[in-house]
2 protein chains.
Amino acid sequence: MRPGPRRSFTHAEILDAAFDLLETKGFAAVSVRGVAGSLGITPTALYTYYSSKNALLRGMIEHLLARLDLREPGGSDAVEAPDAAAIRRRIVALALRLRELLTAHAGALGLIMSGPLDGPNAMRLNETLLESFTAAGLGLDEAARAAYALQVYALGSIALESADQDADPEAAAPVDGLFPDASGTALWTDLATFPLSSRTAHVAAQHNSTDQFVWGLERLLDGLVPSA
Amino acid sequence: MRPGPRRSFTHAEILDAAFDLLETKGFAAVSVRGVAGSLGITPTALYTYYSSKNALLRGMIEHLLARLDLREPGGSDAVEAPDAAAIRRRIVALALRLRELLTAHAGALGLIMSGPLDGPNAMRLNETLLESFTAAGLGLDEAARAAYALQVYALGSIALESADQDADPEAAAPVDGLFPDASGTALWTDLATFPLSSRTAHVAAQHNSTDQFVWGLERLLDGLVPSA
DNA sequence: ACCTGAACACCGTTCAAGT
DNA sequence: ACCTGAACACCGTTCAAGT
């Protein structure tokens, strides 16, 4: 009586189990075997719900983006004739919520890199950005380019932050020398040969901060939104 | 007589073999066993050269960045008093070369995400950007933020492109329904519910193009470099 | 339709042992 | 120092079989 259609799971239950694993044990633990095991079924049974591990990861992205609040911060009826400044605030707030959402789950970046962002909720996000940029006075084609550039900046920023965070301080260099094949520039990493980098080390140390994220985002918006 | 110090490899030889695997068989083939096998040694012998797979991948990034030409396009003595426009051209050209370098090798994105960009050649790139931005009139702290924002944009752009490229068209959705847990917005992906997205589909189709890359980069530079 | 159990062809990493 | 061979604890995926 062990095999057979005893009970089944909803996709939401499976994805919840997957996110439990992601948060408690990291991205590497989100395996077909791991998720199946935490549900109490065999790995092959999971293939009934998702045809591959990649399909599972894509489902997780959608699950995450479904929780992204797309509304404007001040309420839906507060702005009647939105000026460029208000639209910028809306976009920045949305980008910040996206960043919070993705950095809250360790390894969420791995999810995004597993395939294109073309699920319904990803499109909902894109549509919202298009609305904002057209409301700011951009033409449709320009708004499409602007929305893509903004997503590039936001996701790139999160990607670099997460790459910095799982820094392995002891395994930074090969066993003995320091990158012996650096094309003859500097066999030994000498900070003195990078004067500007060493003088801005205090800024670099804060690269993965909300401040730096917003600063770059505002500069990008300076170029994207014409008037402001 | 099999084991023992018969011959040894240089780090460059090992990395060349790893890049051969990356280009011919993709990122998944760049395994400790795979690289060792193509060199004719056992996996454990590779741990003599690199203490972990991560160290190997970091070595590959440096190997790649060592080939990045950092000089200005027009020659080193052509510009005497570089104006803002010339500096912008230099930065755009550098970003384009970085993009070409990383997109030329399938899966190079996976390398960058494997850890922070802190090797000597990564610092050489950062130093060059700092020089350009300070030459454009930015203060040191602002230049550091600008250099980081530019790298965020460039790497994010390449990341999204590569995510789009290995699109698995048949495994886009779960087995039966289309993302059944999309939080009640739309159970079936209906393009009519995303009017702006559908009207800009022709632009979205060209997102991974040099044009789109440069357009967004120029908008970012509009915000970063004050005068131009 | 949903599930099990066995199997295939892989992983990264460690350990004891050889020269 | 550099290397082998065996082993540990894993992977994604497929296939035949059960209810």
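Note: the structure precedes this text.
Overview of the structure. What you see is a predicted model; the values in this text were computed from it and never measured.

Our focus in this paragraph is the interface of chain A and chain B. Tallying the contact residues gives 81 residues for chain A and 81 residues for chain B. The largest share of the area that chain A buries against chain B comes from A:Arg145, A:Tyr148 and A:Trp215, three residues that together contribute 11% of it. Counting the contacts that link chain A with chain B gives 0 salt bridges. At the surface where chain A touches chain B, the tally comes to 8 residue pairs in polar contact (both at pLDDT 80 or more). Residue assignment for the side of chain A that touches chain B shows that the elements contributing at least two residues are helix H1 (11-25), helix H4 (53-65), helix H6 (108-112), helix H7 (120-135), helix H8 (140-165), helix H9 (195-199), helix H10 (201-204) and helix H11 (210-224) of chain A. With 19 residues, the single largest contributor to the side of chain A that touches chain B is H8(A).

Expressed as a screw transformation, the operator carrying chain A onto chain B has a rotation angle of 180° and an axial translation of 0.0 Å, and the superposed copies differ by an RMSD of 0.0 Å. Such a turn and shift between the copies fits a two-fold axis. Across chain A, the rotation axis passes nearest the C-alpha of A:Gly156, at a separation of 1.8 Å. A shared binding surface is used by both copies, with 100% of the interface residues of chain A retained as interface residues in chain B.

This part covers the side chain of A:Ser157. Tracing the chain through its elements places A:Ser157 in helix H8. With sequence-adjacent residues up to four places away left out, A:Ser157 is seen in contact with A:Phe213, B:Tyr148 and B:Val152.

For the rest of this paragraph, the subject is the side chain of A:Glu127. Take A:Glu127: it is sitting in helix H7. The charged side chain of A:Glu127 is buried without a salt bridge, its nearest counter-charge being B:Arg199 at 8.0 Å. A polar contact of 2.8 Å, which involves the side chain of A:Glu127, links it to the backbone nitrogen of B:Leu196. Side-chain polar atoms of A:Glu127 contact the side chain of B:Ser197, separated by 2.7 Å. If we skip the residues at most four places from it in the chain, A:Glu127 touches B:Phe194, B:Pro195, B:Leu196 and B:Ser197.

Cut-offs applied
- Residues numbered from 1 in each chain as written.
- Chains lettered and ligands numbered in written order.
- Predicted model: local features only at pLDDT ≥ 70, side-chain atom pairs only at ≥ 80, totals over all residues.
- Heavy atoms only, no water.
- Contact = heavy atoms within 4.5 Å.
- Buried area = accessible area lost by both parts, 1.4 Å probe.
- Salt bridge = Lys/Arg side-chain N within 4 Å of Asp/Glu carboxyl O.
- Polar contact = N/O pair within 3.5 Å; in protein donor to acceptor, adjacent residues only side chain to side chain.
- Helix = DSSP H or I, 4+ residues; strand = E, 2+ residues; numbered from the N terminus.
- Least-squares fit on C-alpha atoms with pLDDT ≥ 70 in both.
- Buried < 20%, exposed > 50% of the residue type's maximum accessible area, 1.4 Å probe, protein only.
- Lys, Arg positive; Asp, Glu negative; His and termini not counted.

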